[in-house]
Amino acid sequence: MPAVSKGDGMRGLAVFISDIRNCKSKEAEIKRINKELANIRSKFKGDKALDGYSKKKYVCKLLFIFLLGHDIDFGHMEAVNLLSSNKYTEKQIGYLFISVLVNSNSELIRLINNAIKNDLSSRNPTFMCLALHCIANVGSREMAEAFASEIPRILVAGDTMDSVKQSAALCLLRLYKTSPDLVLMGEWTSRVVHLLNDQHMGVVTAAISLITCLSQKNPDEFKTCVSLAVSRLSRIVSSASTDLQDYTYYFVPAPWLSCKLLRLLQCYPPPEDGAVKGRLVECLETILNKAQEPPKSKKVQHSNAKNAILFEAISLIIHYDSEPNLLVRACNQLGQFLQHRETNLRYLALESMCTLASSEFSHEAVKTHIETVINALKTERDVSVRQRAADLLYAMCDRSNAKQIVAEMLSYLETADYSIREEMVLKVAILAEKYAVDYSWYVDTILNLIRIAGDYVSEEVWYRVIQIVINRDDVQGYAAKTVFEALQAPACHENMVKVGGYILGEFGNLIAGDPRSSPLVQFNLLHSKFHLCSVPTRALLLSAYIKFINLFPETKATIQEVLRCDSQIRNSDVELQQRAVEYLKLSSIASTDVLATVLEEMPPFPERESSILAKLKKKKGPGTVSVTDLEDSKREGGELNGGGERGPDTAAMASSNASTPSPSADLLGIRSAAPVGAAPASAGSLLVDVFSEAGPAAPSAAVNDDGFLSSAPPSEDPAPPLPEADELLNKFVCKNNGVLFENQLLQIGIKSEYRQNLGRMYLFYGNKTSVQFASFTTTPQLNVQTKPVEPLVEGGAQIQQVLNIECLTDFSDAPLLNIKFRYGGALQNLTLKLPVTINKFFQPTEMTSHDFFQRWKQLSQPQQEAQKIFKANHGMDTEVLKAKLLGLGSALLDDVDPNPENYVCAGVIQTKGQQVGCLLRLEPNSQAQMYRLTLRCSKDSVSKRLCELLAEQF
Amino acid sequence: MQRQTYLFPLFGYVFRLNILKLPGVQVTNSKMQFMLLFSRQGKLRLQKWYVPLSDKERKKISRDLVQTILARKPKMCSFLEWRDLKIVYKRYASLYFCCAVEDQDNELITLEIIHRYVELLDKYFCSVCELDIIFNFEKAYFILDEFLLGGEAQETSKKNVLKAIEQADLLQEEAEAPRSVLEEIGLT
């Protein structure tokens, strides 16, 4: 028995708990419990009416038994009876039992609601709190129906005690989460928002959770909370550590409230009011500064509370993604944490940096920590921390460091925990392809991947390497040689055999000149693996063999021998048997010409997206940017994993093969949807698999042409571009990702990438309301016909759209995007400018000082130069300027300009028709807070446009 | 034959990784899902669920999670991703305190929620031990309800929480005074 047993004297309960603890075995415990249950049941059923105390004690025992993990099927009624007791302790136990045990047994709920109603109207604050706690704990729909209208009144009433207000706020929050339709704030809204100003910190702490949740759903109605939150935050942040008395936690003033305030602000874009924004930026700076101060206490609680606020502030900075200075500072702070002795901080720093890496402003700053992160991947003892390090490496990867990062990830993969291998494999595969400069590196990487973690290499990954090898002449010989070498390992993974079979079947001839890899050697090598492989791989190998017969007539006899043996031609697996029979027959009756046609080298795979390409005609003269296709990428995601459904394709192929003597014609017919004609027999089912990635998409293009557009619902004319469209566009000149547009209903996020004269843009349309958007259409106004996105956007959901962009010639007007949908009954119609500007098609050009000025002089015609002198609109911080100039896309050249204060950049703008060389010089004058910007380009319209665009950026 | 180059990765992979999270498009909902207290032997001492789950689900979650955490070594990080939740836990003597929060939540502040709760228990029981929580589980629940309601901090001041609990105890003692004498004799 513990020494302390405060306030309460339920001795019977204590004895019972002791008994249970003294039980030597599970059986003894169950026996004791059953005895007790029998006892309680008889008491409850007995003739003698139990007094409140006994009832409380037995209900408490039942609760204890339940918490031990046993089922309780009686006693609920007695607990409900306790609720109406006028003794506090009995009521309290009754409520506890109900909050733990009652789900939504409707009969009881009515009785419980009655008791709650009585307590709420009792005007006794302790009783009221108990009742509110119970509602918050159970939070059923019935309770919402009964109390959702009552509680807001309690919350804002002038005479309500603080403690009751606190409970009421959180109780309302719980009801709002279960039944948002029943909680109508309406007239209470402004009074609830003003709770942020309440004198009692506890009330503010409780109310802010409610306000945050409501703001997410109705951002416009609660907009006033932003300035209130900022001023509250500012008061807390600037207070001395003792000002807030008991709300100071280990010398940190009100850490919970601070975090919640920062979280609330994350529901909104940066404040528009300059003064509010200034005050907030000041707060954020103070928080960052405090992180550098020496700790006021050595206790971990002090640093945890302080850093909790810091991380929340960093989240807000990342959310705004508009204050380069703060972003870079945040990054530096996290950089310090990367080497902190506290594992927790290292973990959080890695996690938080991952999001920073996606901001254009801080991407470069994040990259400087690469060595530390690699080291973390190698040395951290906790797998969850290593996982974060791997995530961060993935996020910070770009062309400049891809080789290093991929190499590190590969070497980590050898010892990685099983739980994260598959994800690591995918990440390596994506990075290898995304940043491949030479494709032999790509092939090496994927083969290494299969060698190291073959079990975790999913089909998409090895299909992809084959697609790429097929489509690239320059890598085929290398691939054949490498895969041949890899296959010589005594135990190689089945995925390697698949890739090997496919590639040697196509390109084995490229290495056949070397006697060490002569046709027969190649065949024997492949065949030595045959018996260890599963049926699909064997089927693939059989196809490779028939390809060999075509490539190397000298192997024909050997291979026919293999096909003819019983284990093939009489194989119990129908697919294998059929292939053996057909291939054998094909090789013996077809003439060399027919063979060569049927077994011709695989045609290149169409680019997935291009197969859905709705060829769009341009109506405006020498236009600007053409949006060449538009697709719903959700669909794309779905298809990839649908490998299993492709069984019938395989069968169809095989059977049609058998039935027709002219295989080539027949094969053509199978996949009429595939734009590149024949699917030669060689690859069998696996070929179809690779192929069908493009297959299903093709019909949708056809649907497209059938005039989907004519049925598109809203028919009103697109609205003129928003007045702020240009301003929104300017935000994206130096960055590719971020939020393009946001109002109370809709948020549009953008991710885009560009390479040479091509680009791809992902648009994310988020419905911020809880109501469905109907008839949702988005139309890039480029006189193009496009397929609509999903017409319905559920409340809180996000849909995506992909635009493929090709720059045909230089341009100055950004393409427009029109969005229409119905929200409630009203048609929303808005037009934005798509953030596609000419500088997106920059290719950086490195050059020496000498070259630069030589070219500068060459571009000396007056119209080739554009110049502007303008006042600095933002700070003149060097790092920020550099980040912006890098974001521009051209190369930022060091040691070129004799004046180190100046910045010079060089790049080539790639359009389909021509390349435009551009040189840029930016001369800051920090005393006058002015810049002089000079551009010289080989085309005068480009100079002019770039100059206009850039003058808005600095 | 014209060969095409691949300009972009297969986005299918990317969807599987679900890494296309945009800054700013995230949902900033924060909420504690549940709190568990359990001993080194894996015995649950207290469980508080802030989301509706069936009894079966609760048992499964507690069993799995207790195993996962007990398997971790002492110096490891206090946070882990578990299913789609974030787990924040800390060991105090023989007891593990463990909270499940949503992905976007602030881990450090959750860690300090745990600590504040431990402080409250400690103050109330005058240096708390596991036995106090076993024998006075209902008190542990009452204190928790005063501190956190529906998974959100209701009152973070230690003084105010304890004041509320002590007031309740006073009400209790007034009511119970004659009772406890009677019970000493009776077998109940």
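Residues numbered from 1 in each chain as written. Chains lettered and ligands numbered in written order. Predicted model: local features only at pLDDT ≥ 70, side-chain atom pairs only at ≥ 80, totals over all residues. Heavy atoms only, no water.

Turning next to helix H3 (residues 107–124) of chain B. Each α-helix winds once per 3.6 residues, and so residues spaced three or four apart point in a common direction. Residues and elements named next belong to chain B. With 18 residues, H3 should reach 26 Å at 1.5 Å per residue; the first-to-last C-alpha distance of 26 Å fits that figure. Burial analysis of H3 places 16 of its 18 residues in the buried class, which makes it a mostly covered element. Where H3 begins, the capping side chain belongs to Asn106, and its oxygen is found 3.1 Å from the backbone nitrogen of Leu108. (Helix = DSSP H or I, 4+ residues; strand = E, 2+ residues; numbered from the N terminus. Expected span 1.5 Å × (residues − 1). Buried < 20%, exposed > 50% of the residue type's maximum accessible area, 1.4 Å probe, protein only. Polar contact = N/O pair within 3.5 Å; in protein donor to acceptor, adjacent residues only side chain to side chain.)

This paragraph deals with the nonpolar core. Nonpolar side chains tend to gather and get buried jointly when the protein is soluble and globular. Membership of the largest hydrophobic core comes to 280 residues, with the highest contact counts inside it found for Ile116, Leu196 and Leu449 of chain A together with Tyr117 of chain B. Ranked by the residues each element gives to this core, the list is headed by helix H16 (residues 300–320) of chain A, at 11 residues. (Core = buried A, V, L, I, M, F, W, Y, C linked by side-chain atoms within 4.5 Å.)

It is worth spelling out the pairing of strand E4 (residues 85–92) of chain B at this point. All names here are of chain B. Counting buried positions along E4 yields six of eight residues, so the element is predominantly enclosed. In terms of strand pairing, strand E3 (residues 79–82) meets E4 through four bridges, oriented antiparallel. The residue bridging Phe79 from the neighbouring strand is Val88, located in E4. Taking the residues that link successive antiparallel strands as the turn, the E3-E4 hairpin has two residues, and the phi of Arg83 there is positive, at about 50 degrees. Two elements, E4 and strand E5 (residues 95–101), share seven bridges in a ladder whose sense is antiparallel. Each residue of the ladder has a partner; that of Tyr89, found in E5, is Cys98. (Pairing = 2+ DSSP bridges.)

All names here are of chain A. Most of strand E16 (residues 930–937) is tucked away: six of the eight residues are buried. Looking at chain direction, strand E12 (residues 865–871) and E16 are connected through seven bridges and run antiparallel. Paired with Phe870 across the bridge in E16 is Tyr931. Pairing of strand E15 (residues 915–925) with E16, which is carried by eight bridges, proceeds in the antiparallel orientation. Residue Cys918 lies in a different strand from E16, and its bridge partner there is Cys937. The turn joining E15 and E16, which pair antiparallel and follow one another in sequence, is formed by four residues; a positive phi near 55 degrees is taken by Gln929.

Right, let's get into the environment of Ile511 of chain A. Residue and element names in this part refer to chain A. Residue position: Ile511 is located in the loop between helix H27 (494–507) and helix H28 (519–530). Given the relative accessible area of 10%, Ile511 is considered buried. It is 9.4 Å that separates the C-alpha atoms of Ile511 and Gln522, two residues lying 11 residues apart in sequence. Not counting the four nearest positions on each side in its chain, Ile511 is found in contact with Gly477, Ala480, Lys481, Phe484, Leu504, Ser517 and Gln522. (Contact = heavy atoms within 4.5 Å.)

Turning our attention to the packing of aromatic side chains. Residues and elements named next belong to chain A. Evaluated as defined, the whole model comprises 28 aromatic pairs over all chains. Taking the centre distance of 5.5 Å and the plane angle of 35 degrees together, the rings of Phe870 and Tyr931 count as tilted. Here Tyr931 lies in strand E16 and Phe870 lies in strand E12, a separation of 61 residues in the sequence. The same class applies to Phe870 as to Tyr931, namely buried. Through a chain of ring-to-ring contacts, three or more aromatic side chains come together here, namely Tyr765, Phe773, Phe776 and Phe821. Its end group placed over the ring of Tyr394, Lys427 keeps NZ or CZ at 5.4 Å from the ring centre. (Phe/Tyr/Trp six-rings, centres within 6.5 Å; stacked < 30°, edge-to-face > 60°. Lys NZ or Arg CZ within 6 Å of the ring centre and 35° of its normal.)

As a further point, take the environment of Ala313 of chain A. Residues and elements named next belong to chain A. Structurally, Ala313 can be placed in helix H16. By relative accessible area, which is 2% here, Ala313 ends up buried. Ignoring sequence-local partners within four residues, the contact set of Ala313 consists of Leu262, Leu284 and Ile287.

This brings us to the sheet that holds E5 of chain B. Residue and element names in this part refer to chain B. The strand order across the open sheet built from five strands is E2-E1-E5-E4-E3, with neighbouring strands paired in antiparallel fashion. At either end of the open sheet lies a strand with only one pairing partner, and these are strand E2 (44–49) and E3. Each neighbouring strand pair of the sheet contributes to a mean axis angle of 20 degrees, computed without reference to strand direction. (Axes fitted to C-alpha atoms, helices over the stretch in contact; angles between N-to-C directions.)

It is worth spelling out the confidence of the model for chain A at this point. Residue and element names in this part refer to chain A. When pLDDT is averaged across chain A, the result is 80; 86% of the residues are at 70 or more. Mean pLDDT across the elements of chain A ranges from a minimum in helix H37 (residues 663–670), with 30, to a maximum in helix H14 (residues 255–265), with 95. Residue range residues 609–715 is modelled with pLDDT below 50. Its contacts to residues more than four positions away, or to other chains, number 196 contacts. (pLDDT = per-residue confidence, 0-100.)

Attention now goes to the packing of helix H5 (residues 88–101) of chain A against helix H7 (residues 125–138) of chain A. All names here are of chain A. Running from N to C, H5 and H7 cross one another at 10 degrees; their axes reach a closest spacing of 9 Å. Here H5 lies roughly parallel to H7, going by the angle between them. Facing H5, whose interface residues are Tyr88, Lys91, Gln92, Tyr95, Ile98 and Ser99, H7 presents Thr126, Phe127, Leu130, Ala131, Cys134, Asn137 and Val138. Split into classes, the residues belonging to the contact of H5 with H7 amount to eight nonpolar, four polar and one charged. (Parallel < 35°, antiparallel > 145°, perpendicular 65-115°, else oblique. Nonpolar A, V, L, I, M, F, W, Y, C, P; charged D, E, K, R; others polar.)

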